[in-house]
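Structure at a glance
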Amino acid sequence: NMDAARVVSLLLKTLGHESKMAHDGQAAVSAAAEYKPDIILMDIGMPRMNGHEAAKAIRCEEWGKQIYMIALTGWSDDEDQKQSLEAGFNQHMVKPVDLAALKKLLAEVQTKQCNA
């Protein structure tokens, strides 16, 4: 959903983060290869390559092994969460994402990355 992606991107920028968007899985992998972000927030239900496939592709790359990846999805049962973790995501968050929870998670990830 392009509108939802724009809202999340704007939210990240408001919180002081740089944000790049991709609207399908293949574009997400290409953008990650180009920008090599510290954190990726990715929807699972994307066209051309779903989020699980994109996460696996990113994790196969040397530059993708240390990226903290967060699945953003409307799918919330235990099996969905298990699939996200198996695909290489570090975290599974259900939409609509709670702003306070996302802000806290991003701060925790940044702190861990700074101390690594």
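What you see is a predicted model, and the numbers here were worked out from it, not measured in a lab.

Here the focus is the side chain of D24. Following the sequence through the fold, D24 ends up in the loop between helix 1 (2-14) and helix 2 (25-35). Assessed through its relative accessible area of 12%, D24 is described here as buried. Within the local environment of D24, its side chain forms a polar contact with the side chain of R48, the two groups lying 3.1 Å apart. Leaving out residues up to four positions away in the same chain, D24 has contacts with M46, P47 and R48.

Right, let's get into the nonpolar core. In terms of nonpolar packing, the biggest core is built from 16 residues, with I40, M42, A54, I58, M69 and F89 touching the most fellow members. The set of elements that each furnish at least two residues to this core consists of helix 2, strand 1 (39-43), helix 3 (51-60) and strand 2 (68-73). Discounting chain neighbours no more than four positions away, the residues touching I58 are A28, V29, A32, I40, M42, W63, G64, I67 and M69. Counting residues in hydrophobic clusters, the runner-up holds ten residues, among them L12, M93, L102 and L106.

So, about the packing of helix 3 against helix 4 (residues 78-87). Each pair of packed helices gets described by two things: the angle between the helix axes and the distance between those axes. Packing of helix 3 against helix 4 leaves a shortest axis separation of 8 Å and a crossing angle of 25°. Taken together, the axes of helix 3 and helix 4 lie roughly parallel to each other. Residues H52, A55, K56 and R59 of helix 3 touch helix 4, and the partners they reach there are Q83, S84 and A87.

The next thing to look at is the pairing of strand 3 (residues 91-94). Side-chain direction in a regular strand flips from residue to residue, so the side chains alternate between the two faces of the sheet. Relative to strand 3, strand 2 runs parallel, the two sharing four bridges. Its bridge partner being in strand 3, T73 is matched across the sheet by V94.

Okay, the pattern of salt bridges next. Evaluated as defined, the whole model comprises six salt bridges. Notably, a salt bridge pairs E86 with K82, separated by 3.8 Å at the nearest N-O pair. In this pair, E86 and K82 both sit in helix 4, four residues apart, roughly one turn of the helix. Classification of E86 as exposed rests on a relative accessible area of 55%. Residue K82 is classed as partly exposed on the basis of its relative accessible area, which comes to 44%. A salt bridge links K104 to E108; the nearest nitrogen and oxygen atoms lie 4.0 Å apart. On the criterion of helical spacing, the pair formed by K104 and E108 is a turn pair, its members being four residues apart in helix 5 (residues 99-115).

The rules we used
- Along each chain, residues carry numbers from 1 onward, in the same order as the chain's sequence is written.
- Where totals are concerned, whole chains, interfaces and linings use all residues; where local detail is concerned, this predicted model gives features only for residues with pLDDT of at least 70, and gives and counts side-chain atom pairs only at 80 or more.
- Side-chain calculation: all heavy atoms of the structure are included, whereas hydrogens and water are not.
- Elements are defined by DSSP. Helices are runs of H or I of four residues or more, strands are runs of E of two residues or more, and each kind is numbered from the N terminus.
- Exposure classes here rest on a 1.4 Å probe applied to the protein chains alone. A residue is buried below 20% of its type maximum, exposed above 50%, and partly exposed in between.
- Within 3.5 Å is the distance limit for a polar contact, defined as a pair of N or O atoms, with the added protein rule that one can donate a hydrogen and the other accept it, and that residues adjacent in sequence qualify only through two side-chain atoms.
- The contact criterion used throughout is that any non-hydrogen atoms of two residues lie within 4.5 Å.
- In this description, a nonpolar core means a group of buried Ala, Val, Leu, Ile, Met, Phe, Trp, Tyr and Cys residues linked to one another through side-chain atoms lying within 4.5 Å.
- Orientation is described by lines fitted to C-alpha atoms, with helices fitted over the stretch in contact, and by angles between N-to-C directions that extend from 0 to 180 degrees.
- Orientation is classified from the angle alone, with under 35 degrees giving roughly parallel, over 145 giving roughly antiparallel, 65 to 115 giving roughly perpendicular, and any other angle giving oblique.
- When DSSP locates at least two bridges between a pair of strands, those strands are taken to pair.
- Salt bridge, as used here: a side-chain nitrogen of Lys or Arg that lies within 4 Å of a carboxyl oxygen of Asp or Glu.

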